[in-house]
Structure formats: structure tokens, C-alpha cells
Amino acid sequence: MSAAAPDRPTRLTPRAVLVGLAAIVGAFSLGSLIGPVHIPFGMAIKWLFGSTTALTDRQADILIAVRLPRVVLGGLVGSMLALAGASYQGVFRNPLADPYLLGVAAGAGLGATVAISLRAAPAVLPAAAFAGAIIAVAATYALGRSVGQRSTTTLILAGVAMASFLTAVQTYVQQRHTDTLREVYAWILGRLSTSGWHEVLLILPYLIFGGTVILLHRRMLDVLSLGEEEASALGVPVQRVRLLVVGAATLGTAAAVAVSGLIGFVGIIVPHAIRLVTGASYRVILPLSAMFGAAFLIVADLTARTVLSPAELPIGVVTAFLGAPFFMLVLRTAKGLR
Amino acid sequence: MNGLSVGDLRVAFGSVTILHGVNVSAARGEWVGVIGPNGAGKSTLLRAIHGTVPSSGAVMFGGHDMGDLTGTARARLAAFVPQRPAAPPNMRVFDYVLLGRSPHISYLGVEGRRDISAADDALGSLGMVSFADRLLGELSGGEFQQVVLARALAQEASLLLLDEPTSALDIGHQLHVLGLIDRLRNKHDLTVLSAMHDLTLAAQFCDRLVLLSHGVVVTDGDPRDVLDAPLISQHYGATIRILDDGLGGVVVVPVRQNGHPADQ
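What counts as what
- Residues numbered from 1 in each chain as written.
- Chains lettered and ligands numbered in written order.
- Predicted model: local features only at pLDDT ≥ 70, side-chain atom pairs only at ≥ 80, totals over all residues.
- Helix = DSSP H or I, 4+ residues; strand = E, 2+ residues; numbered from the N terminus.
- Rg over C-alpha atoms; globule rule 2.2 N^0.38 Å.
- Buried ≥ 20, exposed ≤ 12 C-beta atoms within 10 Å, placed from the backbone.
- Contact = placed C-beta atoms within 7 Å.
- Nonpolar A, V, L, I, M, F, W, Y, C, P; charged D, E, K, R; others polar.
- Pairing = 2+ DSSP bridges.
- Axes fitted to C-alpha atoms, helices over the stretch in contact; angles between N-to-C directions.
- Left-handed = near helix turned anticlockwise from the far one by under 90°.
- pLDDT = per-residue confidence, 0-100.
- Parallel < 35°, antiparallel > 145°, perpendicular 65-115°, else oblique.
- Expected span 1.5 Å × (residues − 1).
- Bend = angle between axes of the 7 residues up to and from the residue.

**Overview of the overall build of chain A**
And then number 1: Along its length, chain A carries 14 helices and 0 strands.
And then number 2: Of the regular secondary structure in chain A, the N- to C-terminal order runs α-α-α-α-α-α-α-α-α-α-α-α-α-α.
And then number 3: Whereas a compact globule of 338 residues would reach a radius of gyration of roughly 20 Å, chain A reaches 21 Å, a difference of no more than 12%.
And then number 4: Along the longest, intermediate and shortest principal axes, the C-alpha atoms of chain A span 65 × 65 × 35 Å.
And then number 5: A total of 338 residues make up chain A; the buried ones form 49% of that total.
And then number 6: Counting contacts in chain A only where the partners sit at least 6 residues apart, residues at least 24 apart contribute 77% of the total.

Given below as C-alpha cells:
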């Protein structure tokens, strides 16, 4: 017997990585070249390889100070939201879990609304949203624990209660300050507006930390898909894994929404599409979600700022508008393949 | 090496006591069946031995006090298979069997060559090598139960705790899977403690039976002695007849209370 080559665990194949990289490079190129000031692809490549005269000064300025930071920010936020969504779905064994499940969005929304309503300095807004998100999730965790049972269901229910409560407070604050209503509304629907590289540098440390912790837990998330009892019977410290992964995902998501507002659908649709095509292993789902989340949000942002140019659509509208039909398409195709 | 010895095991959930000081033992390589009506505490006993529910009392296996061990160390000694193991439908069989290697892999580590060959060997022992690339959702109940056993085998634990391992299978597959368990324990010198619903099969496969009722061990011994009609009838709350199968074994037959419909 045993003439056959030993079997291999499911791993990220080089082909999948290439497809993911191609998607990112494609989205990145489109996002940096298309806009009110057109930048020709060939010229941009020449410029990139040292030919400083290939682009006009104005084109080069726009590329460096406007387009690239925005595209990079879109990629980072999309990547983080998709990664956080995939890890929440793993930890809670719930395909409908998204990064906002435990109150990140409601907390960030309240923080941002308070900052905008009080006409705080612009630098305060992301800090307030970030703090609101972290406090909300910490409160959800405390509430879930205080009930006594350590089940994920209790935690999810605590998240629902916390989100409803914070949204109620947020709506109240918003209605009390009708003069800033439009601004609050625009923030809630999500937007990737940048002032140079400031936002990118602001969130980068959190995203690197959160993303790394999540990716390091890829095998643990596979074990957790057997459920709490079987995972702990295999010697896995389920509570610790859950706390670390949820903590990392929350930190990254809070940083992302702090500069981009509440962009929905990415965290659910991207990991799902990946899962439908590649199967159940998180060692494949996590890295590919990060890659395709980046590409998806860059394209969504490009759409948001070009269809009604010079006006901008909220990016949350675009992610839903593009994401839902795309998801249905994947759903149909993947079913056909099986 | 020493077998399993459980002394004065108590489990309570809040004010409800499930196990009232249970004593059970199994010699190395022995297959002990735990029988008893629903709610007797069979599953809780297996879980408490494995440490997935809090308990008081002593659980010793292979010379180790299981209570003193970390979760990982316990999982290297004992494999627990619940009655209905989770089966993520899109998971590959090989990946599933490989999860059994978890206690041998560091927290953030990934599988090494040794783990991959252990999973291969486990699939091989069950004659399931050709299933490696199938998805769990594509397997029949019997095939999945064998894959579950392969995962437990890949764990390389010498104590198997099985909670009604064949409750979802038809008669043919029950015999097949129980036969596999028997072969595996002989081959790998495994100690097996399994909760059993089917008393006839329990008598055929187990070296010894423990009758549990209301969280107390009622009797413990050779299957032919434990399967005593009045005793079983009393604890299962049903009229039961024990027949000789003519081959040295016994057959346990439940009898309808109001007589056979044809008699009426």
C-alpha cells in the first residue's frame, strides 16, 4: 500500500495568490489613474521607473498626494473589513456575522456623531469614532460575561442589545443637532476622503497588528469550526482564541471605520464569495479575503467618485449596489460547480 | 502502563447533581461500555473524564492525574468523540482528520511532516485513504463516522471516549463501525470507554458493562451478568427480555407493555 504520495492539507496555492495579486494590481491601477485629471497608464509606468518627465508636475502631484493615498487607504480598509468579517464568522460559527456584530459600528457612530455635533476639531473625529468602537465592544464583552454563560450566543445577544442602545443614543444626539445632520449622515454612509497620507499612517499600526494576529490564528479558526466542545476536547483554549481574534478584529475594524465611516457588506460578501469558491479552510479564506477585500473596496471607491463626478456617492451605497449582485453571481456559479 | 481509574466523580450543574460519586475503571486495552437510560449521566461521565465539564473526584489514566494536566496534555492522552460531531460540509476529509493533530501542534504552529503522516496512517487504518479529498458534506453517515474515528486515531491518544458512536447508523454500519473500533483497540492497545444505547451490541463488543442510573453506578461487570432482565427493566422503565443467542451471547428485546397488537 502507501505507494500514493502522502496527502497534503489545504493550503493557499500559488495560483490563488497570483489571482489575488492580479486583482489588487488591477484595482490599484484603475483607482490611481482614473479621475477628473486623466493619467495615461503608459506614462505612469514610465514615471514610476524614473522618467520624471513622463507626467506633468500637476499629474504627478495628483498621483502622489491625492490618488495614491486614497487608493491605499481603500485597499487597507477593504482588506481589514474582509479579514475581520471572515474571523468573526469563524469565531461565532455564523455565516451572517460581520465585523459590526459586537457594536463596533454603533459605538463608532456615536463617537463620530458626538464629535461632529460638538464641532470638534477634524483631528478629533477619528479618535472619537475609534474610542466609541472600542468602548462599545468592551461593554458588550462585559455584558455578555455578566450573564454568566460563556457561550457565543450570549455574546451576540449582548452585541445586539449594545448596538440598539448606542444607536438610540446616537440618533438622539443627531436629532438634537440638526445643523450637523448632513455631515453625520455622510459619515455614517462611509467615505474615503483623505488629506495626503495622514489617514493611512494613522491606521496602519492597528491594521498591521490586527491583521497579523488574525492571520496567525488561521489554524485555530479551522479547529473552532468544530464547535466549542470539540475544539476544547482537542486541547484548544477556546476562550483565549476567541478573545484574541475578536480583540484583533475589533481593533483593526475600529481603526478602519474611524477614517472611513461605516462601510457595510464588505465584511460579509467578500469572505463568503471566497468561501464559496475555495472551501472551508481559514488558511485560504483569510489571506484571500484580505486581498480581494482590498481590490473590491478600491473599485467601489472608484465607482463612488466617478459615476456622479464631480459629486461623490457614499461608498457604502456602492459596496451594497455592486456587492449584492456580485455575490448572487458567485452564489449561482459556485452552486453550478459543485 | 496503567489503565483508567475514576474515583468518586461528582458533577453538578447549579443545584442539579448529575453524577453522585461515580467509580469506574478500565484496564489497559479493555473496552468498557457505559449503559443506562436517557439522563442517567452517560455523556456527562465521558465529558467529566475528559475534563470538558467541571467535576470533583479523581481521574487517573496511564499513571497521570488528568485533573493536573493542561488541556493539550489531556488531549494527547484521551480522545473524545461526541454523539453528533460537527461536520462542516465544505471541509476536506484530510483537513478534518488533521485537526486531530491539534494537541501535538503548538498554539500558533502549523502541521509538520509528522502530523501529515499520522493523518495519512489514520485514514489508512480505516481503509479511507481514497476519501482524503472528499468533502465532509458528501459522505454518508457511516463514512463520516469512520472519518471521525480516523480523526480520533490521528490524535494518537491511548484512551478513546466515545459517546454513542453508532447511534446514527443502520444495523449493518453499526456492526461495521463497532468492528473497526475493536480492531483499532487491539492494534493500537487502546482503552475504550463508550456510552452505548444498543444493549445487544454492547454485550457483543464490550469486555465489561457499567450500568449507570440517576448518576449512580448500579452494577459493573461481565455483560452477561449486568444484562439481567429484572435489573434492566427496572432502570430503563420498560419490560425487557434477555434471550440466549445460541452462540454464547445474549439478545436484549424490549417488550410492548400491552401485549402484541395481534393478540388484541
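**Considerations on the overall build of chain B**
And then number 1: Of regular secondary structure, chain B possesses 9 helices and 12 strands.
And then number 2: Over its C-alpha atoms chain B spans a radius of gyration of 19 Å, differing by no more than 12% from the 18 Å that the globule rule assigns to 264 residues.
And then number 3: The proportion of buried residues among the 264 residues of chain B is 43%.
And then number 4: Contacts in chain B between residues far apart in sequence, at least 24 positions, make up 66% of those at least 6 positions apart.

**Details of the interface of chain A and chain B**
And then number 1: Between chain A and chain B, the contact holds 25 residues from the first and 29 residues from the second.
And then number 2: Residues of the side of chain A that touches chain B, tallied by class, amount to 12 nonpolar, 8 polar and 5 charged.

**Focus: unusual backbone geometry**
All names here are of chain A.
And then number 1: Of note, the phi angle at arginine 119 is positive, near 50°, even though the residue is not glycine.
And then number 2: Mapped onto the secondary structure, arginine 119 falls in the loop between α4 (104–117) and α5 (124–146).
And then number 3: Residue class for arginine 119 comes out exposed when judged on the 11 C-beta atoms lying within 10 Å of it.

**Notes on the environment of glycine 215 of chain B**
Residue and element names in this part refer to chain B.
And then number 1: Along the polypeptide, glycine 215 turns up in the loop between β9 (208–213) and β10 (216–221).
And then number 2: On the basis of neighbour count, glycine 215 is assigned to the buried category, with 22 C-beta atoms found within 10 Å.
And then number 3: Note: C-alpha distance between glycine 215 and tyrosine 96 (119 residues apart in sequence) is 34 Å.
And then number 4: Excluding residues that lie within four positions of it along the chain, glycine 215 makes contacts with Thr17, Ile18, Leu19, His20 and Gly41.

**As for the pairing of strand β4 (residues 56–61) of chain B**
All names here are of chain B.
And then number 1: Looking at chain direction, strand β1 (residues 4–13) and β4 are connected through 5 bridges and run antiparallel. Across the sheet, arginine 10 pairs through a bridge with serine 56, a residue of β4.
And then number 2: Pairing between β4 and strand β5 (residues 64–65): 2 bridges, direction antiparallel. If you follow methionine 60 over to β5, its bridge partner there is aspartate 65.
And then number 3: Adjacent in sequence and paired antiparallel, β4 and β5 are bridged by 2 residues, among which glycine 62 carries a positive phi angle near 55°.

**Section: the sheet that holds strand β2 (residues 16–26) of chain B**
Backbone hydrogen bonds hold the strands of a sheet together, and the pairing may be parallel or antiparallel.
All names here are of chain B.
And then number 1: Taken together, the 4 strands give an open sheet; going across it, the order is β2-β1-β4-β5, and neighbouring strands pair in antiparallel fashion. Looking at which strands have only one partner, the edges of the open sheet turn out to be β2 and β5.
And then number 2: Strands β1, β2 and β4 of the sheet are contacted by helix α1 (residues 42–50), whose axis makes an angle of about 70° with β2.

**Focus on the sheet that holds strand β8 (residues 191–195) of chain B**
All names here are of chain B.
And then number 1: Across the sheet, 6 strands lie side by side as β6-β7-β8-β3-β9-β10; this open sheet has mixed pairing. Edge positions in the sheet fall to β6 (78–81) and β10, since each has one partner strand and no second. Going across the sheet, the axis of each strand differs from the next one's by a mean of 15°, ignoring polarity.
And then number 2: Looking at chain direction, strand β3 (residues 31–35) and β8 are connected through 4 bridges and run parallel. Bridging from a neighbouring strand, valine 32 pairs with leucine 193 of β8.

**A closer look at the packing of α5 of chain A against helix α11 (residues 238–260) of chain A**
Residue and element names in this part refer to chain A.
And then number 1: Their axes nearest at 8 Å, the elements α5 and α11 cross at an angle of 150°. Both α5 and α11 take part in a crossing whose hand is right-handed. Facing α5, whose interface residues are Pro126, Ala129, Phe130, Ala133, Ile134 and Val137, α11 presents Thr250, Ala254, Ala255, Val257, Ala258 and Val259.
And then number 2: Of the residues assigned to the contact of α5 with α11, the class counts are 11 nonpolar, 1 polar and no charged.

**Structural notes on the confidence of the model for chain A**
And then number 1: When pLDDT is averaged across chain A, the result is 89; 96% of the residues are at 70 or more.
And then number 2: Under a pLDDT of 50 for its full length, residues 1–5 of chain A has, in the predicted model, 3 contacts with residues more than four places off or in other chains.

**Focus on helix α2 (residues 41–48) of chain A**
And then number 1: The element α2 of chain A is largely exposed, with a buried count of 0 among its 8 residues.
And then number 2: Once α2 of chain A ends, the next one or two residues include glycine 50 of chain A, with phi positive near 105°.

**What about the packing of α5 of chain A against helix α6 (residues 152–176) of chain A?**
Describing two packed helices takes the angle between their axes plus the distance from one axis to the other.
All names here are of chain A.
And then number 1: In the contact formed by α5 and α6, the axes pass within 8 Å of each other and the chain directions differ by 130°. Between α5 and α6, the angle falls in the class oblique. α5 and α6 meet at a crossing whose hand is right-handed. Note on element contacts: α6 touches α5 through Thr154, Leu155, Ala158, Gly159, Ala161, Met162 and Leu166, opposite Ala136, Ala139, Thr140, Leu143 and Gly144.
And then number 2: Across the contact of α5 with α6, the residue classes tally to 8 nonpolar, 4 polar and no charged.

**Some points on the pairing of β1 of chain B**
And then number 1: Note: β1 of chain B against β2 of chain B, 8 bridges, orientation antiparallel. Bridging across to β2 of chain B, phenylalanine 13 of chain B finds its partner in valine 16 of chain B.

**Thoughts on the environment of serine 55 of chain B**
Residue and element names in this part refer to chain B.
And then number 1: Along the chain, serine 55 turns up in the loop between α1 and β4.
And then number 2: On the basis of neighbour count, serine 55 is assigned to the buried category, with 23 C-beta atoms found within 10 Å.
And then number 3: Serine 55 sits 41 residues away from glycine 14 along the chain, and the two C-alpha atoms are 12 Å apart.
And then number 4: Every residue in contact with serine 55, bar those within four places of it in the chain, is listed here: Leu9, Arg10, Val11 and Ala48.

**Side note on helix α8 (residues 198–216) of chain A**
Residues and elements named next belong to chain A.
And then number 1: With 19 residues, α8 extends 28 Å from end C-alpha to end C-alpha; this agrees with the ideal 27 Å at 1.5 Å per step.
And then number 2: Considering bend angle alone, the principal kink of α8 is centred on leucine 204 and spans about 40°; proline proline 205 follows within four residues of it.
And then number 3: Inspection of α8 places Glu199, Ile203, Leu207, Gly210, Gly211 and Ile214 among the buried residues, and these make up the whole buried set.
And then number 4: Structurally, α8 contributes buried residues whose contacts are with α3 (57–92), α11 and α13 (282–306).

**Some remarks on the confidence of the model for chain B**
And then number 1: Overall, the predicted model of chain B reaches an average pLDDT of 91, with 97% of residues at or above 70.
And then number 2: The complex prediction reports pTM at 0.89, with the ipTM value standing at 0.89.

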